[in-house]
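Take a look at the letters that make up each chain.
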Amino acid sequence: MEPQAAITKLNNRALPWKHCIHLTLLLVHLSSPGVKATCRILRCNSDFVAATLDLGSSSSSSGGGGGGAEGGAEGGAEGGAAALSREAMNAGYCSALRSYAMCTRRMARACRGDLAYHSAVQGIEDLLIQHSCPRAGPTAQPRPLPQGTLSGDACLYERSFFSRERRMPEYLHCSVFGDPHVRTFNHDFQTCAVQGAWPLVDNEYLYIQATSSPTREGTQATALTKITIIFKNMRQCIDQQLYQAELDNVPAAFADGSVWSGERRGHHSLTVRTQSPGQHAEIRAAHIGTLLVVRQSGRSLGLSVRSPRGIMEAFGPEQDLQLCVWGCPPSQRLNTLRPLSPDPPPPFALSAQTHCAALLPDRDIYYHACVFDLISSGDLNSSMAAINALQDAMSMISDVQTLHLLPVASSLQHHAHLDLLLLLLLLGLSLR
């Protein structure tokens, strides 16, 4: 349902909580494409709106009473039914509010600096008081899967999504490459000093783990040497499937030797193919609308992911370490503008810059990653990691304005809509 249609539907209902519609207006505004919440508060907002849209739909069906004693009896019965209906609607609304509050509590760690999150928490508190909702009690049931997702297109995410929403899904992109460098789903760019195994993605559908190892003694330089991808069991679409790649061994097959999985009505939910055996693998997961590309560039592996927002945001509070979602832990972040090699000889540093500028003319994150890797490793072949990552990004990112991030600008990406969020908050408060 379109936001304006949802608002119109709410305004036309004679509900005891009609004066609180301004909160829904604020939530719909915050859910617009121009306002991206990095802490997934939009998911809580949309679940609450969806849970309350159908409340009171039967309130308009009550009719007038008849005449005489029989009419009076009918009128009394209908009046009692209407009262029960209003009571049931308020109980349902309280259940939705409790679910909303529970969702925000789960987001507290990731959202502590997010204005939209804090405005939602305050709004929930006000509504619980206004409607005398008990703090403890039943919560709204999860939204049932639309019938369209149980059709023949159930294992074809894009078709199912379009059938349900009448639009294509919003896609997110993450890449990990080089020393390693991480471009997160939220367009942050970081260089990490992580060693060992770290989760890149961990949600209800997918688990991706990358292993980094030191490249040279005496420096913090590391490189991806192993990538593990687990496609989790998903009802009738696929059984759990495993893919593993290691340095000098990027197979075009899953761990069991198969190249496809999950056949349904002539379609395969999972497929693997390659353009360069041993160096490249492309995995398409049609059941979750996701594309993954694994490459070896020089002496390191790289991974690029393109996946719908709804898939990548399907995780719980316990899955709080994902490099593609939140980036590296602060203690593990390096300055990309300062390569790890201690005091590189000026001629070599200048040569690295010249080499990377010839391959990557835009002075964006990929250029700086190229220079960083070349100086840190001393290997000219290391420049291929940034080149391949950029090529994958060009094929996976539809908005060209977000393709060439600047190292400094990318770290400020999350604050770009602060003024708009504040304006919407003030508007919501003024409607009280």
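So, here is what we can say about the structure in this document. Keep in mind that what you see is a predicted model, and the values were worked out from it rather than measured.

1. Comments concerning the state of the cysteines
Part 1 of the reasoning: A full pass over the atoms with the stated rule returns five disulfides.
Part 2 of the reasoning: Across a sulfur-sulfur distance of 2.1 Å, C155 and C237 are joined as a disulfide pair. Judged by the torsion about the S-S bond (-95°), the C155/C237 disulfide is left-handed. Linking C155 in the loop between α5 (115-130) and α6 (157-165) with C237 in the loop between β6 (222-231) and β7 (241-246), this pair joins segments that are 82 residues apart in sequence.
Part 3 of the reasoning: Overall, the relative accessible area of 4% leaves C155 in the buried class.

2. Some words on the side chain of E313
Part 1 of the reasoning: Here E313 lies in the loop between α7 (309-312) and α8 (323-326).
Part 2 of the reasoning: A relative accessible area of 14% means that E313 is categorised as buried.

3. Observations regarding the sheet that holds β7
Part 1 of the reasoning: On the basis of which strands lie adjacent, the open sheet formed by four strands has the order β4-β5-β6-β7 and antiparallel pairing. Bordering the open sheet on either side are β4 (196-202) and β7, each of which pairs with just one other strand. Pairwise comparison of adjacent strand axes, ignoring direction, gives a mean angle of 20° for this sheet.
Part 2 of the reasoning: Bridge count between strand β5 (residues 206-214) and β6: nine bridges; the pairing is antiparallel. Within the sheet, the bridge partner assigned to Y207 lies in β6 and is I230.

4. A few points about the pairing of strand β3 (residues 189-192)
Part 1 of the reasoning: Every second residue of β3 is oriented toward a common face, with F189 and T191 on one face and Q190 and C192 on the other, all of them buried.
Part 2 of the reasoning: Pairing of strand β2 (residues 181-183) with β3 involves three bridges; the strand directions are antiparallel. Counterpart to H181 in the pairing with β3 is T191.
Part 3 of the reasoning: The turn linking β2 back onto β3 is made up of five residues, and H187 within it adopts a positive phi angle of 65°.
Part 4 of the reasoning: Two strands pair when backbone bridges link them, and β3 and strand β13 (residues 333-334) are joined in this way by two bridges, in the antiparallel orientation. Looking at β13, one finds that T191 is bridged to L334.

5. A closer look at the packing of aromatic side chains
Part 1 of the reasoning: In this structure the tally under the stated criterion is six aromatic pairs.
Part 2 of the reasoning: The interplanar angle of 20° and the centroid separation of 5.9 Å between the aromatic rings of F177 and Y366 together place this pair among those described as stacked. Placement of the pair is F177 in strand β1 (residues 171-177) and Y366 in helix α10 (residues 365-377), with a sequence separation of 189 residues.
Part 3 of the reasoning: The exposure class of F177 is buried, given its relative accessible area of 3%.
Part 4 of the reasoning: Connected via pairs of aromatic rings, a cluster forms that spans F48, Y93 and Y100.
Part 5 of the reasoning: The positively charged end of R306 is found above the aromatic ring belonging to Y171, 3.7 Å away from the centroid.

6. Some remarks on unusual backbone geometry
Part 1 of the reasoning: P180 follows D179 through a cis peptide bond whose omega is -5°.
Part 2 of the reasoning: Structurally, P180 is set in the loop between β1 and β2.
Part 3 of the reasoning: Positive phi, close to 65°, is recorded for H187, a residue that is not glycine.
Part 4 of the reasoning: Considering the arrangement of structural elements, one finds H187 in the loop between β2 and β3.
Part 5 of the reasoning: On the basis of relative accessible area, H187 is assigned to the buried category, the value being 18%.
Part 6 of the reasoning: Located in the positive-phi region is D248, a residue other than glycine, with phi close to 70°.
Part 7 of the reasoning: If you trace the backbone, D248 turns up in the loop between β7 and β8 (260-264).

About the thresholds
- Residues numbered from 1 in each chain as written.
- Predicted model: local features only at pLDDT ≥ 70, side-chain atom pairs only at ≥ 80, totals over all residues.
- Heavy atoms only, no water.
- Disulfide = S-S within 2.5 Å.
- Helix = DSSP H or I, 4+ residues; strand = E, 2+ residues; numbered from the N terminus.
- Buried < 20%, exposed > 50% of the residue type's maximum accessible area, 1.4 Å probe, protein only.
- Pairing = 2+ DSSP bridges.
- Axes fitted to C-alpha atoms, helices over the stretch in contact; angles between N-to-C directions.
- Phe/Tyr/Trp six-rings, centres within 6.5 Å; stacked < 30°, edge-to-face > 60°.
- Lys NZ or Arg CZ within 6 Å of the ring centre and 35° of its normal.

So yeah, pure geometry; function would need other evidence.
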